[in-house]
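Observations on the three-dimensional arrangement
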Amino acid sequence: MEQIVAENVTKHYYVSPENGGRLDEKLLVLSGVSFSVEENEFVSILGPSGCGKSTLLRLLAGLDREYEGSIRVNGTDLKEKRVPVCYMLQKDHLMPWRTLMENVLLPAEIEGADLKKEAELVRPMLKDFGLEEFENYRPHALSGGMRQRAALLRTYRMRGDIMLLDEPFGALDEITRMQMQDWLLEVWGRHRKTVLFVTHNIDEAILLSDRVLVMSPRPGSIVKDIRVGFPRPRSRDMLLSSQFLGYKGEILASLG
Ligand SMILES: Nc1ncnc2c1ncn2[C@@H]1O[C@H](COP(=O)(O)OP(=O)(O)OP(=O)(O)O)[C@@H](O)[C@H]1O
Ligand SMILES: [Mg+2]
């Protein structure tokens, strides 16, 4: 079933005078973006810096309704009603004064849920997320990869069956990033949700995804929709295959 359907989405910002804009000056960021995503699909969005990837995720999260065109999630038009999704911003945004567990419990706390019950549900997941024994640590005492996993766990515990992840591994070194990719593949295999994953990294996009959407430079539109035919579970050996290079070549060509 198609879970997300974006049709002809066009978005501009008004550039305020404080950002050097003239009165009513507009910046066109997205132009005619159309795509759809099926339930439980893992779809990456790849595109140059500034092409509107984070803007697109904000629209999909229902946080901004100022756009032309339409976005429907589970059949609901986002201009009419918000649909709860699990959304992770480009930075991890853990609160430094809260422990790991208290950070993970934040969405439940905002919703007024029973925190004791939620903690009992979260505790067995700490192992899956490689955070066992660290539940009482504060973010400064965690490694970069652990902070990222804590933010992912918090995102995962948000209400909704769609995860919007904005460059979750962007700030990590290459080795940690590889470990996190393997880990995400494994966790996603077991706790399926629909995933929209924004990245700059071509190898990462191919390795993780069922489909890769390539965006043009700003104003962003989808210039290529590539289906990645590797079977799952995925393994890193696939990175060395000629099929992989074929996908990579196709993506590089469409990035211009
Ligand atoms: N609130 C805003 N007001 C005006 N312009 C904005 C605003 N937010 C973003 N922009 C502009 O929109 C464009 C797209 O920004 P966006 O953050 O969506 O890009 P991105 O593809 O996520 O880039 P990156 O890969 O660097 O994260 C940029 O030119 C940016 O300056
Ligand atoms: Mg961004």
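As a starting point, this report considers the structure included with it. (Residues numbered from 1 in each chain as written. Chains lettered and ligands numbered in written order. Predicted model: local features only at pLDDT ≥ 70, side-chain atom pairs only at ≥ 80, totals over all residues. Heavy atoms only, no water.)

Here we look at the pattern of salt bridges
- Counting across every chain of the model gives 16 salt bridges.
- Note that Glu-118 is salt-bridged to Arg-157, the shortest N-O span being 2.9 Å. Highlighted residues: Glu-118 in helix H4 (residues 115-122) and Arg-157 in the loop between helix H6 (144-156) and strand S7 (162-166), separated in sequence by 39 residues.
- For Arg-157, a relative accessible area of 24% corresponds to the partly exposed category.
- For the salt bridge of Asp-128 with Arg-190, the shortest nitrogen-to-oxygen distance reads 3.0 Å. On the criterion of sequence distance, the pair formed by Asp-128 in helix H5 (residues 125-128) and Arg-190 in helix H7 (residues 174-190) is long-range, its members being 62 residues apart.
- Within this structure, Glu-41, Arg-211, Asp-225 and Arg-227 form a network of salt bridges that share partners. (Salt bridge = Lys/Arg side-chain N within 4 Å of Asp/Glu carboxyl O. Helix = DSSP H or I, 4+ residues; strand = E, 2+ residues; numbered from the N terminus. Buried < 20%, exposed > 50% of the residue type's maximum accessible area, 1.4 Å probe, protein only.)

Topic: the coordination of the magnesium ion (ligand 2)
- Protein coordination at the magnesium ion (ligand 2): the donors are Ser-54 (OG) and Gln-90 (OE1), at 2.0 to 2.5 Å from the metal. Residue Ser-54 is found in helix H1 (residues 53-60), and its partner Gln-90 is found in the loop between strand S6 (86-88) and helix H2 (100-104); the two are separated by 36 residues along the sequence. (Donors = N, O, S within 2.8 Å, 3.2 Å for Na, K, Ca; no water.)

Here we look at the sheet that holds strand S2 (residues 26-38)
- With antiparallel pairing, the four strands of this open sheet are ordered in space as S2-S1-S4-S5. Edge positions in the sheet fall to S2 and strand S5 (76-77), since each has one partner strand and no second.
- As judged from the two bridges shared by strand S4 (residues 68-73) and S5, these two strands associate in the antiparallel manner. Its bridge partner being in S5, Arg-72 is matched across the sheet by Asp-77.
- Against the sheet, H1 contacts strand S1 (2-14), S2 and S4, and its axis sits at roughly 60° relative to S2. (Pairing = 2+ DSSP bridges. Contact = heavy atoms within 4.5 Å. Axes fitted to C-alpha atoms, helices over the stretch in contact; angles between N-to-C directions.)

Thoughts on the site of ligand 1
- Neighbouring residues of ligand 1: 14 residues in total, closest Ser-49, Gly-50, Lys-53, Ser-54 and Thr-55.
- Gly-52 places a polar main-chain atom, nitrogen or oxygen, 3.0 Å from an oxygen atom of ligand 1.
- The separation between an oxygen atom of ligand 1 and a polar side-chain atom of Lys-53 is 2.7 Å.
- Mapped by element, the contributors of at least two residues to the shell around ligand 1 are S2 and H1.
- Across the shell around ligand 1, the residue classes break down as four nonpolar, seven polar and three charged. (Near = heavy atom within 4 Å. Polar contact = N/O pair within 3.5 Å; in protein donor to acceptor, adjacent residues only side chain to side chain. Nonpolar A, V, L, I, M, F, W, Y, C, P; charged D, E, K, R; others polar.)

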